[in-house]
Amino acid sequence: MSTIEAEMTTPSSPKTKRRATAETMAKSQREISVSEFFAKNRHLLGFDNPRKALLTTIKEAVDNSLDACEEAGIVPEIWVHVEQTGVNRYKAGIQDNGPGIMKKQIPLIFGKLLYGSKFHRLRMSRGQQGIGISAAGMYGLLTTGKPVKIVSKVSIRKPAHYYELRINTKTNDPEILDGIDIDAGEKGHKYIADHGIEWVTHYDPKTPDAKPAELRSGTRVTIELEAKYQRGRGSVDEYLEQTAIANPHVTIHYLDPENNLRLYSRSTRKLPPEPIEIKPHPYGVEVGRLITMLKETPETTISGFLTNSFSRVSNGIAKQICEGAKIGTRTHGKKLTRDDIEKLYHSIQATKISNPSTDCIVPIGEELLLKGMHQVVPAEFYCAATRPPSVYRGNPFLIEVALAYGGAVETTKITKELLKELLSESDARTVRQFLINTFNGLGADAADKITKASKMGARKSPGKLKPREIDALFDAMQNVNVNEGQSMNVLRYANRVPLQFSQAGCAITQSITSMNWRSYGLSQSRGNVPSGPVTLMVHMASVWVPFTSESKEAVASYPEIQKELRLGLQAVGRKLGMFLRKRQLVKQQADRRSIFLRYLGEVATAVSELNGCDRQSVYDNLMAVAQKKTAEADMKLNSSGKLVDETEDFGDNVLIVEKTTEELLNRPGANGEPDDDEPLNDGSDEAFDEMEDE
Amino acid sequence: MAKKKSVKKQADLPLRSDTSEKVKLTLRDKKTIGSLTNLADTVVASAQKTKDPRLEIPTRSLSNVRYNKSQRILEMGKNTTARQLFNLNQAKSYMQTMLAAAGCKRLVESGKTTSIRGLYYLMKHTIAGTKEETFSDQAESDPIIEDLEVLLESLREELHLYAQQRGSMVGNIILNDKGDTIDCSRMGSGGYGIPSIVEADVIQFRECGADFVLHVEKDTVWQRFNEDKFWKKHNCILTHGSGQPPRGVRRLLHRLHNELKLPIYCVFDNDPWGYYIYSVIKQGSINLAYESKRMAVPEAKFLGLRAIDYERCNLNPSVQIALNDTDRKRAKQIAKYPWFEQKKTWQKEIQKLLDNGFKLEVEALISQGLSYVTDVYVPERLEDRTWLD
């Protein structure tokens, strides 16, 4: 008390210097630019660490490319080039064959945050906020000082535009460092080659000796950034692979920093139908939004406002809403008070309004899901289910599920050289952790099995392994049967974009863990994802995907979404159950037969010894009985005692591949081998002849 | 194909060497070979019709045993258990049954007999192309042989098989064993080992001066009686069967009783197992109920030990052996057998055992004197005629 009094009575004393006044404070109070905000809070946009920064950069660019191609009706072809330029420095170049960007828009799109076409409309698209790619450019600038390089071409006859841009973080405006026009045709190609401009001018030739087709239009963005390239979970490789699954109409050429060219070929040339833009549904609008909309509306009456701004509101419904809120239908929108608007809001919620039209949602479709899965995930059994559209909070959405069972385990797919590389790249602290992080679907149990089999200490660091230990680890990875300990590999998608992080917080994962997979023939411990060699893909398509956070990593759980997820999972689960039961039966049959065969020879010998008949003929006769018996017995009953129909019908959209493991491993695209499949040719469809389309 | 050939070779070799000597088959042997051949013919017939070959084996369990009240013996019921080649659980035992049949045929044709252990070795080999043995141990082959006996309705000796010799005899009787004359009163301390096969073609009784047969449970007790020359004093035949008597001993007791009209008296331990040994001698066993007719001695009497003997003979408390759970369970089981259920004296006896809570071995009587059992106990019982029937 006394010290405070002293301060107050002696303001000039050196101890109690006045810190700031309202005036001095006002001098430092100024607007914060969006760019400044995000430059400081880069983690909000997915740039929390160098590894994720590389992924986010590529992801934003690829998502934009795909959106643009689909909107323009072009079958997308994407080139992704990642190149290491220094320690922790990478250059990522992403090019598409999209419509290109008009010259004057280029600086705005790539050099200004929150500039875009997708934010203001309710339409199913990958990107939503218009932050992504410019934020990536900004991140590159902040970490390396290098500008964003853009090449864009709108027509085969018109010149291409080359820009070097950087974002002014203070003003959120683009600064053009260099901008030239490159002529169309041969002259331009020469210029591109001479000046080292990164641009793919031609498609891969159809056949090795054919003349390659020239790229008619497209956009390429090249960003150099501080990053870290690492394979495994949450990597660029994984993102592109998963993108290829959900977008079977896309071809991706991916050149990784180690100069391996990987090609994900499209399995269809059919573009998904164009999604239709819809007006918001009244149920999905909050009070605040309602106030803004009322302020902005050109309509003069409430009734007009309701019918024209929302979907599914007819004059009758508008009248009902107004009556419920006790407002005249012809009242001027701008005259409503806050209370009135609140009443209006409650009245909307109380009025029965039909669900929004669902044609604005474009599912991948069961057939394409199967193709996509088959292209990338080697397995024995595939099935898919697309649920009919449903609605949460006035937003239409749709759930699709595809499942692949069996096939080679990730750990057996790699070479020793690749393992050595992966080990040196890894930042995991223990080998066990390394295994779990690097290989998708490899559960903790399986990792334990492998480390135990390789006789490695539990806390061994992956970077410090001796060659002998690497050999042991490699052997263990090849030979340990991890099928049982393997946990289900879940691929989550929202509007065809893979979700790679925040697995636990996602409604999709929660639906999977809360389901009982044991009844479908998989083993599962309570509250966990089931185990087994299963890859499950879940896609949520919606005009507005409810993410749990800005970084778009997990879907929020609304009861309607959970219900649809459950139904979708059950649909594929049932088919998997049928397949597994049948396979079990086949196995039992083989076991039975082998037991009988073992004893037949003995019985035949004994019989011929007893009555002197010909041993061979007895044996042959008994063999015939054995074959008849085992075939019969398997037809009769299944495990639950029901009659099993031999020609069991799995229903639509099931793909059963009866191939050897080697064949599965040699699939193009799955093992990183360059493939000479020509992108303009739809030859890859032939690979689906074995599809069961009934 | 290569596999099959190798099997054939393996199986053929011993067969040839066995049949190379000419053997004269008896009528009974021919009958046995006939039924063995029939067995094989059924397999061939069903295989030709692509039908599942199956054997209908009479069931050897309590459920298929009937107590014949008038004859006072156990009889086998009509239930059979199917044994199919094309049934996962039965495939192996089917194969084993056929192997046993083939093995027996080999024995009969070569005119030799072997122990059931010998047959086990004869049949045992590795199944071609696998690491599996046809039989893993003798415990697997013994029930298969018994199955074969009931299946063919042949006796063990008809299959040229015998069991391990267990049981001895001493006493006032002279018999012929395969042509040799045996005077059982001059057998020293070891006694005459009762062979496994004691049919009339092997053993003929020549002279018998004994008045009764005293059958004791085991060798140690038998030694006491033999050393004290009990059989001389009381003019009897003294036998033992090393616990559960083998078929040879039971068949011999049956013959002694029926052909020489000798009463059979038994002295066993006072425990459920002793009771059951008595039951097997008297009524026949559940497992071999089909042989009761030629083995059971319904008139056999149970002299002791009785549950009341602890008090009756003033035994020392330290000779008690506490009943365990299995003993109690078995005692209750025995009390429920139809041939015990109707007998009040036996119900009382078993109840007394359970009430006592301990069992008594015959040797326990030694606490009253080394030769108490021979000098006092058995003579007293015979005198009083206080036995259980």
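Above this text is the structure in question.
Read on for an overview of the structure. (Residues numbered from 1 in each chain as written. Chains lettered and ligands numbered in written order. Predicted model: local features only at pLDDT ≥ 70, side-chain atom pairs only at ≥ 80, totals over all residues. Heavy atoms only, no water.)

1. Section: the interface of chain A and chain B
Here is step 1 of the chain: In this assembly, 27 residues from chain A lie in contact with 39 residues from chain B.
Here is step 2 of the chain: In total, about 2900 Å² of surface goes out of reach between chain A and chain B, with carbon and sulfur atoms giving 72% of it.
Here is step 3 of the chain: At the boundary of chain A and chain B, one finds one salt bridge.
Here is step 4 of the chain: In this structure, the salt-bridge partner of A:E609 is B:R106, at a minimum N-O distance of 3.1 Å.
Here is step 5 of the chain: Where chain A meets chain B, there are six residue pairs in polar contact (both at pLDDT 80 or more).
Here is step 6 of the chain: Going through the elements one at a time, α20 (559-611) and α21 (615-636) of chain A are the ones with two or more residues in the side of chain A that touches chain B.
Here is step 7 of the chain: With 15 residues, α20(A) is the single largest residue contributor to the side of chain A that touches chain B.
Here is step 8 of the chain: Its residues assigned to classes, the side of chain A that touches chain B comprises 15 nonpolar, five polar and seven charged. (Contact = heavy atoms within 4.5 Å. Buried area = accessible area lost by both parts, 1.4 Å probe. Salt bridge = Lys/Arg side-chain N within 4 Å of Asp/Glu carboxyl O. Polar contact = N/O pair within 3.5 Å; in protein donor to acceptor, adjacent residues only side chain to side chain. Helix = DSSP H or I, 4+ residues; strand = E, 2+ residues; numbered from the N terminus. Nonpolar A, V, L, I, M, F, W, Y, C, P; charged D, E, K, R; others polar.)

2. Observations regarding the side chain of B:R83
Residues and elements named next belong to chain B.
Here is step 1 of the chain: Among the secondary structure elements, R83 is positioned in strand β4 (residues 80-84).
Here is step 2 of the chain: Separated by 2.9 Å, the side chains of R83 and T97 make a polar contact.
Here is step 3 of the chain: For R83, the residues in contact, after removing those within four places along its chain, are P53, R54, L55, I57, Q90, S93, Y94, T97, I144 and D147.

3. Notes on the packing of helix α11 (residues 325-336) of chain B against helix α13 (residues 344-356) of chain B
Residue and element names in this part refer to chain B.
Here is step 1 of the chain: Between α11 and α13, whose axes approach to 10 Å, the crossing angle comes to 170°. What the angle tells us is that α11 and α13 run roughly antiparallel. In the packing of α11 onto α13, the handedness of the crossing is left-handed. Across from R328, A331, K332, I334 and A335 in α11, the residues of α13 making contact are Q347, I350, L353 and L354.
Here is step 2 of the chain: Split into classes, the residues belonging to the contact of α11 with α13 amount to six nonpolar, one polar and two charged. (Axes fitted to C-alpha atoms, helices over the stretch in contact; angles between N-to-C directions. Parallel < 35°, antiparallel > 145°, perpendicular 65-115°, else oblique. Left-handed = near helix turned anticlockwise from the far one by under 90°.)

4. Digging into the sheet that holds strand β14 (residues 264-267) of chain B
Across a sheet, strands are paired by hydrogen bonds formed along the backbone, either parallel or antiparallel in direction.
All names here are of chain B.
Here is step 1 of the chain: Within the open sheet, the six strands sit side by side as β10-β7-β13-β12-β14-β15. Their pairing is mixed. Lying at the two open borders of the sheet, with one neighbouring strand each, are β10 (192-193) and β15 (301-304).
Here is step 2 of the chain: The pairing of strand β12 (residues 212-216) with β14 spans four bridges and is parallel. Each residue of the ladder has a partner; that of V216, found in β14, is V267.
Here is step 3 of the chain: Across the sheet, helix α8 (residues 247-260) is in contact with β7 (168-171), β12, β13 (236-240) and β14; its angle to β12 comes to roughly 160°. (Pairing = 2+ DSSP bridges.)

5. A look at the sheet that holds strand β11 (residues 203-208) of chain B
All names here are of chain B.
Here is step 1 of the chain: With respect to topology, three strands assemble into an open sheet ordered β9-β8-β11, the strand pairing being antiparallel. With partners counted over all chains shown, the strands left at the sheet margins are β9 (180-183) and β11, one partner each. Adjacent strand axes in the sheet meet at a mean angle of 25°, parallel and antiparallel pairs treated alike.
Here is step 2 of the chain: Across five bridges, the pairing between strand β8 (residues 173-177) and β11 is antiparallel. Bridge pairing in β11 links I173 to C208.
Here is step 3 of the chain: Relative to β11, α8 is tilted by about 50°, and along the sheet it contacts β8 and β11.

6. Looking at unusual backbone geometry
What is expected of a backbone is that most residues other than glycine have negative phi and most peptide bonds are trans.
Residues and elements named next belong to chain B.
Here is step 1 of the chain: With omega at -5°, the peptide bond leading from G304 into L305 counts as cis.
Here is step 2 of the chain: Looking at the secondary structure, you find L305 in the loop between β15 and α10 (309-312).
Here is step 3 of the chain: Phi angles above zero are rare outside glycine, and R72 is one such case at about 55°.
Here is step 4 of the chain: Positionally, R72 belongs in the loop between β2 (65-68) and β3 (73-76).

7. So, helix α17 (residues 444-453) of chain A
Residues and elements named next belong to chain A.
Here is step 1 of the chain: For α17, every residue scored as buried is listed here: A446, A447, I450 and T451. Seen from one end, α17 has its buried residues packed into an arc of 135°, which puts them on one side. α17 presents D445 and K452 as exposed residues on the side facing more than 90 degrees away from its buried surface.
Here is step 2 of the chain: In the stretch just after α17, K455 is the one whose phi turns positive, near 55°. (Buried < 20%, exposed > 50% of the residue type's maximum accessible area, 1.4 Å probe, protein only. Arc of directions from axis to C-beta.)

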